[in-house]
Amino acid sequence: MNILRQHKASRYVLGAIIALGIVALIPLGNAAYKAYATVDYWDLKAGDKTVAVFVSENDAKQVIKDVTNYYVDRGAKLEEVQCSPELTVVEKTYKKDDDIKLSEVDDTVEYIVTGTKEKEVYEVKAGDTFWTIAEKNDLTIEELAQMNPGLKKQKAQESIMPGDKLNLYKMNPIVRVTTTQVVESVKKVEFKTIVKKTDSLYVGETKVKREGENGKRKVTERIVTENGIQVKSEELTSKVIKKKVNKIVLKGTKKKPVVAATATTTTSSPSYSNVSYDGPTYSGDGSAIVNFACQFVGNPYVYGGTSLTNGADCSGFIQSVYAHFGISLPRTGFTSIGRSVPYSQAKPGDILCSPGHYSLYLGNGQIVHAINEQYGIGITSVSFTGPIFDVRRVVD
């Protein structure tokens, strides 16, 4: 009996030792499992570079779809879209203990098209213009426009309002998206202002005989863009759906009677003095006028020209800018339009008159003007044109 009891006790002891051994090995097994356990994710690659990792293949493919459609205009017929480098989706096995940051679709799309994860956004304030915002942030107007691809360049410059949000971060896209699309649109056919001389009005006086009215035409274009910037366009069809009506303005030739006038002089820099007559002023926004004018910076200077795109001289440039806002100015002789104000009170949109030259005041001592054949339309300091002998305010 004693032998039997000793045998049973030995079995119990052996069983306990085996159980303790198994318990001791469990953490080691878990550690080994953790070290070698794997999980499959989906890499989104731009060329050879992994730009994001997703749990599902569908999410990764959705990013590619959203990026390729990012610059497609609503209602356009997409003919071709290419990404360079190519975006691809590849399944990859990762260790579970790898530090993998999984991505979201919308965040990844924004990262690919902007090239940055650090974004600075500016809220437009009262008195801001597209030009002043660019200047304050050491940017060109073109750079600011490229930072905001959701805004059409002209619309952005004309129509920014207090409370609008503008991106202020450099755009360095991960890929170049080239789209070819056919777009239908209705374009404005701008009326011309025809000036007719009459001796029924004094020199410097004008009278509108007939108001102008813009026409419209329906246009179909094939447009090629790279990351939202148009690089090529081809007009396929065009049909006038509303004829333009040219504006007729009578310009006086009768000499004015001699009247006494007092010169206004200031010793501030630049110098300002002139004898002039006040004309009518109009309701308008000077900041919107200079914003519109600035989009033509870089276009050529053409003596006698009035085209904002193909070339204008200093007075033709200003005349055409104001005409865009429905304000008819004479071809030359701006010292009798609007009202005269001291240079110290100059505001954006005012016309600065220098000997043989006119310019539009931007603010902060800067002007935009058709400079000469060498520099074309550009932005300079006020002092570039020499002394200012008059400042004309056309819009209040």
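None of the values given here were measured: they were computed from a predicted structure.

> Talk me through the nonpolar core; I want residue IDs and the actual numbers.
Counting residues in hydrophobic clusters, the biggest one holds 41 residues, and the most contacted among them are Phe317, Ile318, Val321, Tyr322, Leu329, Ile351 and Leu360. Going through the elements one at a time, helix H4 (130–136), helix H5 (141–146), helix H7 (286–294), helix H8 (314–324), strand E18 (351–354), strand E19 (357–363) and strand E20 (366–372) are the ones with two or more residues in this core. Residues Val51, Val105, Val109 and Tyr111 belong to the second largest nonpolar core, which totals 20 residues.

> Can you break down the environment of Gly212 residue by residue, with the values?
Among the secondary structure elements, Gly212 is positioned in the loop between strand E9 (206–210) and strand E10 (215–226). Sequence separation between Gly212 and Val245 is 33 residues, and the spatial gap between their C-alpha atoms is 5.2 Å. In this structure, Gly212 is in contact with Phe191, Val245, Asn246 and Lys247, ignoring residues within four places of it in sequence.

> Outline the packing of aromatic side chains, supporting the account with residue identities and numerical values.
Counted according to the given criterion, the structure contains 7 aromatic pairs. Ring geometry for Tyr41 against Tyr94: centres 5.9 Å apart, planes inclined by 45°, an arrangement best described as tilted. Of this pair, Tyr41 sits in strand E1 (residues 38–46) while Tyr94 sits in strand E4 (residues 87–95), and the two are 53 residues apart along the sequence. Three or more aromatic residues link up through ring pairs in this structure, and these residues are Phe292, Phe296 and Phe325.

> Would you mind going over the sheet that holds strand E11 (residues 229–242) in detail, with residue names and values included?
Across the sheet, which stays open at both edges, the 4 strands sit in the order E3-E7-E10-E11 with antiparallel pairing between neighbours. Each edge of the open sheet carries a strand with a single partner, namely strand E3 (77–84) and E11. Geometrically, the sheet is characterised by an average inter-axis angle of 20° between neighbouring strands, direction not taken into account.

> Any chance you could break down the pairing of E11 for me, citing the residues and the numbers?
Summarising the sheet, E10 and E11 pair through 11 bridges and their orientation is antiparallel. For Thr225, the partnering residue across the bridge sits in E11 and is Gln230. Here E10 hands over to E11 after 2 residues, with Asn227 in that stretch at a positive phi of 50°.

> Describe a negative patch on the surface, with residues and values.
Together, Asp59, Glu104, Asp106 and Asp107 line one region of the surface with negative charge. Relative to the elements of secondary structure, Asp107 occurs in helix H3 (residues 105–114). Taking the relative accessible area as the measure of exposure, Asp107 reaches 58% and is therefore exposed.

> Which residues make up the state of the cysteines, and what values do they have?
Under the counting rule described, the total for this entry stands at 0 disulfides. Counting only cysteine sulfurs, Cys314 is the nearest neighbor of Cys353, a cysteine outside any disulfide, at a range of 9.8 Å. The exposure class assigned to Cys353 is buried, which follows from its relative accessible area of 0%.

Definitions and limits used
Residues numbered from 1 in each chain as written. Predicted model: local features only at pLDDT ≥ 70, side-chain atom pairs only at ≥ 80, totals over all residues. Heavy atoms only, no water. Core = buried A, V, L, I, M, F, W, Y, C linked by side-chain atoms within 4.5 Å. Buried < 20%, exposed > 50% of the residue type's maximum accessible area, 1.4 Å probe, protein only. Helix = DSSP H or I, 4+ residues; strand = E, 2+ residues; numbered from the N terminus. Contact = heavy atoms within 4.5 Å. Phe/Tyr/Trp six-rings, centres within 6.5 Å; stacked < 30°, edge-to-face > 60°. Pairing = 2+ DSSP bridges. Axes fitted to C-alpha atoms, helices over the stretch in contact; angles between N-to-C directions. Patch = residues over 30% accessible without salt bridge, like charges linked within 9 Å, V, L, I, M, F, W, Y side chains within 5 Å. Areas by Shrake-Rupley, 256 points an atom, 1.4 Å probe, with all protein chains shown as cover. Salt bridge = Lys/Arg side-chain N within 4 Å of Asp/Glu carboxyl O. Lys, Arg positive; Asp, Glu negative; His and termini not counted. Charge placed at Lys NZ, Arg CZ, Asp CG, Glu CD. Disulfide = S-S within 2.5 Å.

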